[in-house]
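Survey of secondary and tertiary structure
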Amino acid sequence: MKNVSLAMKLDSQTLGQGVIDSTIEYLNQVPKLAETLYELLSEALGLKPDHLGAMECGRSRTFIGQYYPPCPEPELTLGTSKHTDPSFLTILLQDQIGGLQVLHENQYTNVAPLPGSLVVNIGDMLQIISNDEFISADHRVLANRAGPRISVAGFFSGPALPGKVYGPIKELISEKHPPRYKEFTVGEYISKFFSRPIDKSGLDEFRLQE
Ligand SMILES: O=C(O)CCC(=O)C(=O)O
Ligand SMILES: [Fe+2]
């Protein structure tokens, strides 16, 4: 609902009512997709479908619109440096320009834009609570002569306030699968993410010594 009130402040003179209505609709629908994805991901972990939802892994939502101007010398730079998202889950809408790449078998591979499709990334915090059952996606965006390129990233995570404590899910821990990470709060994880270079993963800081 916070997102909706934000969108309401958009200037209908500049954007047109159609853009505002679509934005509000998008901000209302994407969290429903996140809920469904959390049900499927819970089941994939062998947990009850409502497990990740009950942990409030989608409670906090941040949508960021990104604008990449055309670049005259794309081979000299990147649109976004390599990184993993700190979120639990990211749902990304990209336009037709392309440039998004994901690290797959040690190679950056194009995530080609498909009309009507969304890209879903596992983020660091889901890797931690799944105790490495899920691995956060290393990705980057190439710079492009064509453009501008526009993307909208929806980051889903747990409540930052009050500081709810997360850690590897108890049901996934056993003698054979000891916890690999220490506990964290979302506020702590995110503020550490912003205090280090984007290409440096935060996972190491929370990993327990084996
Ligand atoms: O612009 C994109 O396609 C991806 C941007 C991104 O990786 C991010 O916002 O975390
Ligand atoms: Fe990202």
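The following refers to the structure shown. (Residues numbered from 1 in each chain as written. Chains lettered and ligands numbered in written order. Predicted model: local features only at pLDDT ≥ 70, side-chain atom pairs only at ≥ 80, totals over all residues. Heavy atoms only, no water.)

**As for the sheet that holds strand E6 (residues 119-122)**
The antiparallel open sheet is built from four strands, whose spatial order is E1-E8-E3-E6. Either end of the sheet is taken by a strand with one partner, and the two such strands are strand E1 (60-68) and E6. Here the strands of the sheet are splayed against their neighbours by 20° on average, with no regard to which way each runs. Across nine bridges, the pairing between E1 and strand E8 (residues 149-157) is antiparallel. Residue pairing in the sheet places tyrosine 67 in a bridge with isoleucine 150 of E8. The strands that helix H3 (residues 17-44) touches are E1, strand E3 (89-94), E6 and E8; relative to E3, the one it contacts most, it runs at about 135°. (Pairing = 2+ DSSP bridges. Helix = DSSP H or I, 4+ residues; strand = E, 2+ residues; numbered from the N terminus. Axes fitted to C-alpha atoms, helices over the stretch in contact; angles between N-to-C directions. Contact = heavy atoms within 4.5 Å.)

**Focus on H3**
For H3, with 28 residues, the first-to-last C-alpha span of 41 Å sits near the 40 Å given by 1.5 Å per residue. Ile20, Ile24, Leu27, Val30, Pro31, Ala34, Leu37, Tyr38, Leu41 and Ser42 are the residues of H3 that are buried. The positive-phi residue at the C-terminal boundary of H3 is glycine 46, with phi of around 80°. (Expected span 1.5 Å × (residues − 1). Buried < 20%, exposed > 50% of the residue type's maximum accessible area, 1.4 Å probe, protein only.)

**Observations regarding the sheet that holds strand E2 (residues 78-83)**
The strand order E2-E7-E4-E5 describes an open sheet built from four strands, whose pairing is antiparallel. The open sheet has two free edges, formed respectively by E2 and strand E5 (107-110), since each of these has just one partner strand. Pairs of neighbouring strands in the sheet enclose a mean axial angle of 30°, with direction left out of account. Pairing of strand E4 (residues 100-104) with E5 involves four bridges; the strand directions are antiparallel. Residue pairing across strands places histidine 104 opposite glutamine 107, the latter belonging to E5.

**Points about the pairing of E3**
Most of E3 sits out of view: five of its six residues are buried. When E3 meets E6, the two strands line up antiparallel, connected through four bridges. Along E6, the bridge assignment pairs leucine 89 with isoleucine 122. Relative to E8, E3 runs antiparallel, the two sharing six bridges. Within the sheet, the bridge partner assigned to threonine 90 lies in E8 and is phenylalanine 155.

**Describing the environment of glutamate 25**
Note on placement: glutamate 25 falls in helix H3. Between the C-alpha atom of glutamate 25 and that of aspartate 85, which follows or precedes it by 60 residues, the distance is 24 Å.

**A closer look at the site of ligand 1**
In the vicinity of ligand 1, the contacting residues are Gln66, Tyr68, His83, Asp85, Leu92, Leu100, His139, Val141, Arg149, Ser151, Ala153 and Phe155. Histidine 83 has a polar side-chain atom sitting 3.1 Å from an oxygen atom of ligand 1. The contact in question runs from an oxygen atom of ligand 1 to an N or O atom on the side chain of aspartate 85, over 3.1 Å. Those elements giving two or more residues to the shell around ligand 1 turn out to be E1, strand E7 (139-142) and E8. (Near = heavy atom within 4 Å. Polar contact = N/O pair within 3.5 Å; in protein donor to acceptor, adjacent residues only side chain to side chain.)

**Topic: the nonpolar core**
Judged by nonpolar contacts, the single largest core of 31 residues is most densely connected at Leu52, Phe88, Leu126 and Ile129. The set of elements that each furnish at least two residues to this core consists of H3, E3, helix H5 (124-129), helix H6 (186-194) and helix H7 (203-206). At six residues, H3 tops the list of elements feeding residues into this core. The residues touching leucine 52, leaving out its near neighbours within four places in the chain, are Tyr38, Leu41, Ser42, Cys57, Leu126, Ile129 and Ile169. By size, the runner-up hydrophobic cluster in this structure holds seven residues, among which are Tyr68, Leu92, Leu100 and Val111. (Core = buried A, V, L, I, M, F, W, Y, C linked by side-chain atoms within 4.5 Å.)

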